[in-house]
Amino acid sequence: MAIIDTPHFQRLRGCRQLGTAFAVYPSATHSRFEHSLGVAHLAETLCRNLKEHRMPDGAQPPSEHDILCVKVAALCHDLGHGPYSHVFDASLVPALKDDLSDEEEKDELAKHTHEQLSCRLLIDLREHIEEFIPKHEKHVKVLKAVDLDFIEELILGEAARARSEWRGRGKEKAYLYDVVSNIDSGLDVDKLDYLQRDPHEVGVQAFDAKRLLQSAQVRMVRRHDGQERPAICYARKAASEVLEVFRTRFKMHRECYTHRAVKGYELLLIDYLLAVDKLGGIYPRPRPRTVTGRP
């Protein structure tokens, strides 16, 4: 609640999960708010399932503090999404870049990702969390600097993997980096949530994630660079569920995410927002409201 009850997180209620898809599918109005709650729930479920199974040599089970950090990362992984989600991040921001004359501003926008902005907002959230702690000190586990590094790496995913070594956790717990954003297999709790939630809202049959999560275990695997590390693996008997996840993703891209009417509405919306941006802010800004009553 220290994170959820903040203006940073509450704004996700107004951020559509499927961008402009509601123009074709009227029920596709769900937001990043409920998606983030769902990802946090699945992240905790997966971590606890992994903890119940025997760990291989070279790996250690997650502690309660590790599970808390993973859950916080899952909760905050989409904080940096702009209005209409990927329409803003993947389409509007690059279009704005083309209209800029300042090279530094162009470079800044070229590097923009919603994951990086999520990490910046998470740092800003520390003030709100620190205000929350004195009132609930007995029930709050304080996050240390190394934990914030760990959470940031979990959110950044591939960008964090490019570093020579992780700062948050050691090799014995490297499998935790596969929970929120799995860049090796693409099978992470972020996808497991939206590939159940999105199909439900547009009438596409989805898969059952419960059996998949229950079959997850940690095994030592050899990566493409020749190094061996613990990773999340799934039982052979769950192969059909794994295939169904990616089959559902294919169906959603074909029938919803890249639907020609959805993409057409998206292009019109971008043109409109770019035109409004050129007006130069002639309208007065409304006073921001928060759940806590502070401006």
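Each remark here, short or long, concerns the structure printed above.
Described below are features of the structure shown in this document. (Residues numbered from 1 in each chain as written. Predicted model: local features only at pLDDT ≥ 70, side-chain atom pairs only at ≥ 80, totals over all residues. Heavy atoms only, no water.)

**Section: the overall build of the protein chain**
Within the protein chain, the regular secondary structure consists of 12 helices and 2 strands. The 295 residues of the protein chain split such that 43% are buried. Once local pairs closer than 6 in sequence are excluded, the contacts in the protein chain between residues at least 24 apart make up 69%. (Helix = DSSP H or I, 4+ residues; strand = E, 2+ residues; numbered from the N terminus. Buried < 20%, exposed > 50% of the residue type's maximum accessible area, 1.4 Å probe, protein only. Contact = heavy atoms within 4.5 Å.)

**A short note on the pattern of salt bridges**
If you walk through the whole model with that rule in mind, you get 16 salt bridges. For Asp178, the salt bridge goes to Arg229, with nearest N and O atoms at 3.2 Å. Here the residue Asp178 occupies a position in the loop between α8 (158–161) and α9 (189–202), and Arg229 occupies one in strand β2 (residues 228–234), the gap between them amounting to 51 residues. Take Asp178: its relative accessible area is 3%, and that puts it in the buried class. Residue Arg211 pairs with Glu241 through a salt bridge whose shortest N-O separation is 2.8 Å. Of this pair, Arg211 sits in helix α10 (residues 209–214) while Glu241 sits in helix α11 (residues 239–257), and the two are 30 residues apart along the sequence. Among the ionic contacts, a cluster of salt bridges with common partners joins Glu44, Arg48, Lys51, Glu64 and Lys71. (Salt bridge = Lys/Arg side-chain N within 4 Å of Asp/Glu carboxyl O.)

**Quick look at the environment of Val24**
If you trace the backbone, Val24 turns up in the loop between α1 (7–10) and α2 (32–52). Taking the C-alpha atoms as reference, Val24 lies 9.7 Å from Arg260; in sequence the two are 236 residues apart.

**Let's talk about the side chain of Asp89**
With respect to the helices and strands, Asp89 occurs in helix α4 (residues 86–98). Among buried Asp, Glu, Lys and Arg side chains, Asp89 stands out as unpaired, with Arg32 the closest opposite charge at 6.9 Å. A distance of 2.6 Å separates the side chain of Asp89 from the side chain of His81, its partner in a polar contact. Every residue in contact with Asp89, bar those within four places of it in the chain, is listed here: Gly80, His81, Gly82, Pro94, His112 and His114. (Lys, Arg positive; Asp, Glu negative; His and termini not counted. Polar contact = N/O pair within 3.5 Å; in protein donor to acceptor, adjacent residues only side chain to side chain.)

**Observations concerning the packing of aromatic side chains**
Summed over the entire model, instances satisfying the criterion amount to 3 aromatic pairs. For the pair Phe22 and Tyr265, a centre-to-centre distance of 5.7 Å together with 75 degrees between the ring planes defines the contact as edge-to-face. With Phe22 in the loop between α1 and α2 and Tyr265 in helix α12 (residues 260–277), this residue pair connects regions lying 243 residues apart in the sequence. When the ring of Phe150 is compared with that of Tyr177, the centres are 5.4 Å apart and the planes differ by 80 degrees; the resulting orientation is edge-to-face. Of this pair, Phe150 sits in helix α7 (residues 145–156) while Tyr177 sits in the loop between α8 and α9; the two residues are 27 residues apart in sequence, bridging distant segments of the chain. With a relative accessible area of 4%, Tyr177 lands in the buried category. Looking at Arg13, its charged tip hangs above the ring of Phe33, at a distance of 3.9 Å from the centre. One cation-aromatic arrangement involves Arg16 over Phe22; the distance from NZ or CZ to the ring centre is 4.1 Å. (Phe/Tyr/Trp six-rings, centres within 6.5 Å; stacked < 30°, edge-to-face > 60°. Lys NZ or Arg CZ within 6 Å of the ring centre and 35° of its normal.)

**Describing the nonpolar core**
Counting residues in each nonpolar core, the largest one holds 60 residues, and the members touching the most others are Val70, Cys76 and Val179. Looking at this core, the elements with two or more residues in it are α2, α3 (64–76), α6 (114–132), α7, α9, α10, β1 (216–222) and α11. Look past the residues within four positions of Val179 in its chain and what remains in contact with it is Ala43, Leu46, Cys47, Val70, Asp188, Val189 and Ile232. (Core = buried A, V, L, I, M, F, W, Y, C linked by side-chain atoms within 4.5 Å.)

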